[in-house]
Amino acid sequence: MVVMESVTNSTPPITPNNPIRVGVLTSGGDAQGMNAALRAVVRTALSVGARPYLIREGYQGMIDGGDDIELAEWKHVSGILNRGGTTIGTFRSKQFTTREGMLTAAENLVDRGIDRLIVIGGDGSLSGLDQFSHDWPSLLDELVSQGRISQDQRQAHPRLVYAGLVGSIDNDLVGTDMTIGVDSALHRIQDAIDAIASTAASHQRCFVVEVMGRRCGYLALAAAISGGCDYVLIPELPPEDGWEQTMCAQLGQSREAGRKDSIVIIAEGATTRSGDAISADYVATTISAALGEEARVTILGHVQRGGTPSAYDRWASTWLGYEATQHVLSSPTDEGLVFGFHGEQIVTIPLVQAVEQTRRVPALISQGKYGEAMDLRGREFHGLMRIFDELSNPTRTTAAPDGARIGVMHAGGLAPGMNTAAKTAVRLGISRGHTIVGVDDGFPGLAEGKVRELTWKEVDTWSQEGGAMLETRRHIPTEAELTSIAWALKENKIKALIVIGGWDAYAAVHLMNKERRRYAEFDIPVMCVPASIDNNLPGTAMSIGADAALNVVVDSIDKVKMSASASQRCFFIETMGRRCGYLALMGGFASGAEQVYLNETGITLDKLKSDIDWLRRSVLDHERSLFLAVRNEYANPNYTTDVIRSLFDEEGKNLRGPGKDGYDTRTLVIGHVQQGSSPTPADRLLATRLTDAALTHIREQLTSGDTTMNCVGSIQNEIRFATIDDVMGQVDDQAQRPKQQWWLGLKQILDCVNRESVDEEARESADEEARQSGDSANPRAVG
């Protein structure tokens, strides 16, 4: 596995006289985000002078040829970012598995000069791709011998360069953290579970929810944690004999501890250790018989595949499509690679290795080697299973009288997922023998002694709730408050403190660390857990709440685009984020905005003039009907959203009038709704993992006597710890953000895939070359 440390830009120049042609297709089951990847492939190829071809209906389209293989233009993939499924269709082609099918497919590709291929699909689709590439030389030799292609054509295309992107909501590819469509599917499942939980609690009823996952239990396991469920059944770890009694005992224990509802999650591929399928109906019948209460079944089915892709599945799939295209256009070898993610970084894996490892998992399960199967799923999967076991079947549900008292509090701005982190701290802390005390109202509340013991029952529904049940404040303690805080820590016998929050939380803990010589009460383990919609905290790639806020931004922009669909309009959208441009850049990236204005990169009059000129040419010459720009709220104190809008509006006046369409301008300040949503599955899972790690680390510190103040974070999906002094040394104090931010490099991809070139000379040259080669684009648009 190779980690791509930075955004690549190694594609060699492609001349009109020697254009590279690349085909892209989707195959197998559909997944949300496929369209984003498809769009990125087409536009990345166009941006460097290559010729992208859309291959419809999967591998069958390669065989059928004709209009099913068409030269793509920029506009062919416009308006598809927010669409589920795949707009070029998918098909499981049996004909492609035959020699004659592959011969015909190769002939159709060679006739169009295509020898680069990107396939978006599951492991079966990728296996077919690898076989096709392996057989390519012999296929072309046979085509020459049959007179179906010339020897010159054979020599011009000696190898097939290819790349695979995994589109599968099952998340079953070994070696990557997330495949295309998984995050969106989790959104569908979580929405359903949250809705079911309210009706289940009203009737004190049990529900059994079946989710997809024939050979992989990731959806079931992740949904069980994010939804606060009671029991889960997954293919990788079949339950031991007698599991029915164990399950019912756990459900009964939860009811006795105060839960009003019970939810069991089952993956569709769950089996017993003897290999017999476990059905949702059987689970429900078992619960009804054992507990004497009605149990209902909900099978979510294909709603998990459909609908609008999440923000993650848009920006991540776009990035994957960009990198895969760069690879096939510049690769010196014909080694096939699969592109995936490891946290916030793209990784590449040899395709053959990825498929072989993925197919080993069901084989290991059938052999009863469950530990090895779990190992192949990765460290995160193992960790989630361990955490769920403890959350759903705790050692104890009441505080131990002799356990250490650990404080939990929020500080800084509100972030969705703060409640999930607090609930995890309470549930796991009590299970591990601690007494967990909550601090209301942040550091001012601690100074005022607003401290109370939290119970297992009290936090039952917190993971689904937005806001902050413990309340939070943007506040760094004053000198007087430091004295009061020291007194409160001593009075309440707090031996360790978990602070869940944003910049002010880190700054306050940093201050406490500096004041240890003056206040002996501060000589305790303190752990910062990052929670900020701004995603501006050091020591972590992602903060709790940032994903929820980003989804609000993307959803708002989707609605703006819909409102502008009937007119030529220019929208300027302002996001939160203070001096960190994460929400603005990623929101613009995931929604198709042509420009973003960030505090990090600044705004100049020359830049605005260039954007205005680009828009004027786009409107006059390319019939552009919509322009989107996203501005970070603190991008520039003088060039405000209204000022920028006024500049564009003034320059667009002479484009309006009799016989002129022109454009008009509008603004949207999204505002505090970005803080107010329910946490997304990604936020809930991140909050759970970070808080579990924080508690484990604090317990080790209490045992060893170590009183270092630390921060916990996630970098490349690995849990990392660092001292508060170390992480605060990595920040720009004035801007209140890290000096290095991984996502800033994505701006060049945004420019590549969202902003069409209006260089007329280059466009006319490319169009003329296409006409001369008889390669003009089919006017039929995608979808």
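Right, let's walk through the structure included here.

## As for the nonpolar core
Okay, so step 1: Within the largest apolar cluster, 143 residues are counted, with the highest numbers of intra-cluster contacts made by Y218, I265 and W315.
Okay, so step 2: Counting residues per element, this core draws most heavily on helix α10 (residues 311-330), at 10 residues.
Okay, so step 3: Each residue touching W315, except ones within four places of it in the same chain, is listed here: F341, L550, M586, F589, A590 and W742.

## What about the pairing of strand β6 (residues 161-166)?
Okay, so step 1: Counting buried positions along β6 yields 6 of 6 residues, so the element is predominantly enclosed.
Okay, so step 2: By the alternation rule, side chains of β6 split into V161, A163 and L165 and Y162, G164 and V166, which are all buried.
Okay, so step 3: The pairing of strand β5 (residues 114-121) with β6 spans 6 bridges and is classified as parallel. What sits directly across from G121, in β6, is V166.
Okay, so step 4: Examined bridge by bridge, β6 and strand β11 (residues 337-342) share 3 bridges and lie parallel to one another. Bridge pairing links L165 to F339 in β11.

## Quick notes on helix α9 (residues 280-291)
Okay, so step 1: Over its 12 residues, α9 extends 16 Å from the first C-alpha to the last, a length consistent with the 16 Å expected when each residue adds 1.5 Å.
Okay, so step 2: Among the residues of α9, those classed as buried are A280, V283, A284, T286 and I287. Axial view of α9: buried residues confined to an arc of 160°, hence all on one face. Facing away from the buried side of α9 by over 90 degrees, the exposed positions are D281, T285 and A289.
Okay, so step 3: The secondary structure elements touched by the buried residues of α9 are β7 (206-211), β8 (231-233), α8 (243-256), β9 (262-267) and β10 (295-299).
Okay, so step 4: Positive phi shows up at G292, right after α9, with a value of about 70°.

## Quick look at helix α12 (residues 370-377)
Okay, so step 1: For α12, the set of buried residues is Y370, A373, M374, L376 and R377. One face of α12 carries all of its buried residues, which in axial projection span an arc of 160°.
Okay, so step 2: Packed against the buried residues of α12 are α11 (351-366) and α13 (379-392).
Okay, so step 3: Positive phi shows up at G378, right after α12, with a value of about 110°.

## Thoughts on the side chain of T272
Okay, so step 1: Positionally, T272 belongs in the loop between β9 and α9.
Okay, so step 2: A relative accessible area of 18% places T272 in the buried class.
Okay, so step 3: At 2.9 Å, the side chain of T272 forms a polar contact with the side chain of S274.
Okay, so step 4: The residues contacting T272, other than those within four sequence positions of it, are P238, W243 and I278.

## Some thoughts on the environment of G676
Okay, so step 1: With respect to the helices and strands, the residue G676 is situated in the loop between β21 (664-669) and α22 (681-704).
Okay, so step 2: Separated by 128 residues in sequence, G676 and A548 place their C-alpha atoms 8.9 Å apart.

## Here's the deal with the sheet that holds β21
Okay, so step 1: The strand order across the open sheet formed by 4 strands is β19-β20-β18-β21, and the pairing between neighbours is parallel. Where the open sheet ends on each side, the last strands, each with one partner, are β19 (595-597) and β21. Across this sheet, the average inter-strand angle for adjacent strands is 20°, counted without regard to direction.
Okay, so step 2: Here strand β18 (residues 569-575) runs beside strand β20 (residues 626-632); their pairing, made up of 7 bridges, is parallel. The residue bridging R569 from the neighbouring strand is L626, located in β20.
Okay, so step 3: Packing against the sheet, helix α21 (residues 641-651) makes contact with β18, β19, β20 and β21, and its axis sits at approximately 170° to β21.

## Concerning the pattern of salt bridges
Okay, so step 1: One pass over the structure, following the stated rule, counts 39 salt bridges.
Okay, so step 2: With a shortest N-O distance of 2.9 Å, E515 and R518 are connected by a salt bridge.
Okay, so step 3: E515 gets classed as buried once you look at its relative accessible area, which sits at 14%.
Okay, so step 4: R631 is paired through a salt bridge with E574; the nearest N and O atoms lie 3.3 Å apart. Placement of R631 in strand β20 and of E574 in strand β18 is noted, with a sequence separation of 57 residues between them. Across this residue pair, the class does not change: R631 and E574 are buried.
Okay, so step 5: By sharing partners, the salt bridges in this structure join D230, R259, D261, R427 and D460 into a single network.

## Some details on the sheet that holds strand β17 (residues 526-530)
Okay, so step 1: Reading across the sheet, the 7 strands line up as β15-β14-β13-β16-β17-β22-β23 and stay open at both edges, with mixed pairing between neighbours. Looking at strand neighbours, the two that pair on one side only are β15 (451-453) and β23 (718-723), the edges of this open sheet. Ignoring which end each strand starts from, the neighbouring axes of this sheet average 25° apart.
Okay, so step 2: Bridge analysis of β17 against strand β22 (residues 709-715) gives 3 bridges, and the strand direction is parallel. Within β22, the residue paired with V526 across the bridge is M709.
Okay, so step 3: Each of β13 (405-411), β14 (435-439) and β16 (496-501) touches helix α14 (residues 418-431); the most contacted strand, β13, lies at about 180° to it.

What counts and how
- Residues numbered from 1 in each chain as written.
- Predicted model: local features only at pLDDT ≥ 70, side-chain atom pairs only at ≥ 80, totals over all residues.
- Heavy atoms only, no water.
- Core = buried A, V, L, I, M, F, W, Y, C linked by side-chain atoms within 4.5 Å.
- Buried < 20%, exposed > 50% of the residue type's maximum accessible area, 1.4 Å probe, protein only.
- Helix = DSSP H or I, 4+ residues; strand = E, 2+ residues; numbered from the N terminus.
- Contact = heavy atoms within 4.5 Å.
- Pairing = 2+ DSSP bridges.
- Expected span 1.5 Å × (residues − 1).
- Arc of directions from axis to C-beta.
- Polar contact = N/O pair within 3.5 Å; in protein donor to acceptor, adjacent residues only side chain to side chain.
- Axes fitted to C-alpha atoms, helices over the stretch in contact; angles between N-to-C directions.
- Salt bridge = Lys/Arg side-chain N within 4 Å of Asp/Glu carboxyl O.

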